[in-house]
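Spelled out, the chains give:
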Amino acid sequence: MNFNKDEVTYLKYQNYYEEYLKWGGFPEIITENLIEAKKMKLDNIFKSYFENDVKKLADFRDLSVLRDLIILLANQVGSKTDIVKLASTLGISRTTVYSHLNFLEATYMIKLLPRFSKSYFRQAA
């Protein structure tokens, strides 16, 4: 079996990469070995985000809508974000979806990426 340098490096770090994709990059979670402890710590981070950041920084009428939006977005990672569909699913306006997405991005909960296209004009649209 012949491996080039890139394949050896990939195989060396493959498990770390897969764990990062599954659990994220929070140091406290990465260093934890037990799955249940990882889940509990992630849950605590999520709760802390709502109790501290959201309540102090935003004036949202219904925090459950923001929570549901986060859950919907988590299931769509890597997919195109359909604002109309999100608004319809959550029963809110597109303006509210944009407002919530802006807040989530400003608080580093999400990162929205621009549409990719080999054509500059399609990407900018």
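What comes next concerns the included structure.

Analysis parameters
Residues numbered from 1 in each chain as written. Predicted model: local features only at pLDDT ≥ 70, side-chain atom pairs only at ≥ 80, totals over all residues. Heavy atoms only, no water. Helix = DSSP H or I, 4+ residues; strand = E, 2+ residues; numbered from the N terminus. Rg over C-alpha atoms; globule rule 2.2 N^0.38 Å. Buried < 20%, exposed > 50% of the residue type's maximum accessible area, 1.4 Å probe, protein only. Areas by Shrake-Rupley, 256 points an atom, 1.4 Å probe, with all protein chains shown as cover. Lys, Arg positive; Asp, Glu negative; His and termini not counted. Charge placed at Lys NZ, Arg CZ, Asp CG, Glu CD. Salt bridge = Lys/Arg side-chain N within 4 Å of Asp/Glu carboxyl O. Phe/Tyr/Trp six-rings, centres within 6.5 Å; stacked < 30°, edge-to-face > 60°.

## Observations concerning the overall build of the chain
Piece 1. A count of helices and strands for the chain gives seven helices and zero strands.
Piece 2. Secondary structure elements of the chain, listed N to C terminal, follow the sequence α-α-α-α-α-α-α.
Piece 3. A globule of 125 residues ought to have a C-alpha radius of gyration of about 14 Å, yet the chain, at 18 Å, is considerably larger.
Piece 4. In terms of overall dimensions, the chain has a C-alpha envelope of 60 × 45 × 20 Å along the principal axes.
Piece 5. Here the chain, with 125 residues, has 22% of them falling under the buried criterion.
Piece 6. Accessible surface, the chain: about 10200 Å² in total, of which carbon and sulfur atoms supply 55%.
Piece 7. Positive and negative charge centroids in the chain, built from 18 and 15 side chains respectively, lie 7 Å apart.

## What about the pattern of salt bridges?
Any two side chains of opposite charge can pair, so long as their charged atoms come close to each other.
Piece 1. For the structure shown, the criterion picks out seven salt bridges.
Piece 2. Among the ionic pairs, Glu28 bridges to Lys41, the shortest N-O distance being 3.9 Å. Separated by 13 residues along the polypeptide, Glu28 in helix 2 (residues 27–30) and Lys41 in helix 3 (residues 35–57) bring together distant segments of the chain.
Piece 3. Taking the shortest distance from any N to any O, the salt bridge between Arg67 and Asp68 comes out at 2.9 Å.
Piece 4. Here the salt bridges do not stand alone but share partners, grouping Glu28, Glu32 and Lys41 into one network.

## Focus: the environment of Leu63
Piece 1. Relative to the elements of secondary structure, Leu63 occurs in helix 4 (residues 63–74).
Piece 2. A residue is classified by how much of its surface remains accessible, and Leu63, at 24% relative accessible area, is partly exposed.
Piece 3. With 53 residues separating them along the chain, Leu63 and Tyr10 place their C-alpha atoms 41 Å apart.

## With respect to unusual backbone geometry
Piece 1. A positive phi angle, close to 65 degrees, is found at Tyr108, a residue other than glycine.
Piece 2. By secondary structure assignment, the location of Tyr108 is in the loop between helix 6 (94–106) and helix 7 (120–124).
Piece 3. What makes Tyr108 exposed here is its relative accessible area of 76%.

## Focus: the packing of aromatic side chains
Piece 1. Scanning all chains against the criterion turns up three aromatic pairs.
Piece 2. Aromatic pair Tyr13 and Tyr16: ring centres 6.3 Å apart, planes at 45 degrees, arrangement tilted. You can see Tyr13 and its partner Tyr16 sitting in helix 1 (residues 5–23), three residues apart, about one turn around the helix.
Piece 3. According to the relative accessible area criterion, Tyr16 is exposed, its value standing at 59%.
Piece 4. Where Tyr49 meets Phe50, the ring centres are 5.7 Å apart and the plane angle is 85 degrees; that geometry is what we call edge-to-face.
Piece 5. When its relative accessible area of 6% is taken as the criterion, Tyr49 is described as buried.
Piece 6. Taken together, Phe46, Tyr49 and Phe50 form an aromatic cluster joined through their ring pairs.

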